[in-house]
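Notes for the structure review
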Amino acid sequence: MKLQFSGHESFICKHFWLKKGYDFISQEGDFNAESAVVDLGVGRNMVISISYWLKAFGILEAEGTISELGNYLFHPQTGVDPYIENLGTVWLLHYSLINTQKASIYSLFFNEFRRGREAFTKAQLQTFIKRKLEDGQQKSFSGNTVNSDISVFIRNYLRPVYKETKIDVEEDFTGLLIDLDLMKTYTSKDADDKLVDWYQVESKLQVDLPSVVVLFSILDNPAYGNSIAFKELLTGNNSPGAIFALNEAGLFSKITAIVEKYKGITYTETAGVRELQFRNKPNKWTLLNGYFKD
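Residues numbered from 1 in each chain as written. Predicted model: local features only at pLDDT ≥ 70, side-chain atom pairs only at ≥ 80, totals over all residues. Heavy atoms only, no water.

Overview of unusual backbone geometry
The phi angle at Ser-10 is positive, at roughly 70°, despite the residue not being glycine. With respect to the helices and strands, the residue Ser-10 is situated in the segment before helix H1 (17-26). Residues other than glycine seldom take positive phi values, yet Gln-206 does so here, at roughly 50°. One can find Gln-206 in the loop between strand E3 (195-201) and helix H10 (211-219). (Helix = DSSP H or I, 4+ residues; strand = E, 2+ residues; numbered from the N terminus.)

See the structure below:
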């Protein structure tokens with residue numbers, strides 16, 4: 001798949017943008033029309049950014065039609081959380097952002113770059129992305145484009161600090177993903193003994209991550225059969241361990257909760273082999289319905 005690192009116009013995804021964009025498309029709005037600026041009440045660059053984030057988060061399909069997830073969350077009559085008031089919805093959207101791979105940096109970071117490391121600098125992430133582009137023989141992106149994407153990626157997750165930022169922090173405090181509290185920052189010396197900003201996404205228990213969202217991501221993964229090794233769930237591509245930054249104890253806790261709540265799902269440890277097993281795979285949307293109705 002061709003890697004993509006532009007389209008957001010340097011804007012993070014704000015909390016209300018997905019609902020605003022969904023309503024706009026539902027009313028047959030056209031992001032390319034001059035009237036979109038007036039209809040959405042934002043500048044032209046923000047119109048472009050809203051369109052981009054709708055596709056990146058999987059609310060719109062590539063051809064511009066509303067996705068199943070988009071209708072599930074935002075439909076005016078049946079949407080389960082149209083104003084994104086439930087933190088579980090934010091975790092679900094975080095998963096979808098990585099899974100769609102429309103914005104390549106999110107999948108690359110959580111599935112590949114983080115392996116074996118928790119702290120990183122912007123320069124390290126830039127070097128990694130440059131190598132991925134070279135390996136894929138992609139030469140269409142400039143260093144400035146990649147740097148902008150890295151900056152937006154960090155700002156999407158990192159809670160702003162007034163005294164340390166030069167950007168419009170009030171705007172960044174409206175970011176959709178910052179409440180997940182996935183990213184921290186600190187200042188320390190690098191290998192060249194220079195003082196630089198470091199960023200950290202720590203694998204941990206993720207106590208506010210609903211187990212049903214973890215189960216949804218497992219059921220949504222076409223690579224998984226009826227028996228899935230614990231190690232694969234912890235470290236595999238698009239695994240819950242990778243996507244949600246779960247450590248071993250955190251993943252085990254989520255699996256335990258899943259097994260206790262849902263019939264037909266078991267967890268076994270035999271001769272050192274740990275597996276999650278499905279007698280019959282339940283419908284992922286039905287499970288989410290149970291969560292949101294509670």
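Having seen the model, we can carry on.
Re the environment of Leu-233
Tracing the backbone shows Leu-233 in helix H11 (residues 230-235). The class for Leu-233 is buried, based on a relative accessible area of 0%. With 33 residues separating them along the chain, Leu-233 and Gln-200 place their C-alpha atoms 22 Å apart. (Buried < 20%, exposed > 50% of the residue type's maximum accessible area, 1.4 Å probe, protein only.)

Thoughts on the sheet that holds E3
Strand order in this open sheet of three strands is E1-E3-E2, and the pairing throughout is antiparallel. Sheet topology places strand E1 (119-120) and strand E2 (183-189) at the edges, where each strand pairs with a single neighbour. The sheet contact formed by E1 and E3 spans two bridges and is antiparallel. In the sheet register, Ala-119 faces E3, and the bridge partner there is Gln-200. (Pairing = 2+ DSSP bridges.)

Some points on the pairing of E3
As paired elements, E2 and E3 share seven bridges and run antiparallel to each other. Looking at E3, one finds that Lys-189 is bridged to Leu-195. Here E2 folds back onto E3 in antiparallel fashion, the turn holding five residues, of which Asp-193 has a positive phi close to 65°.

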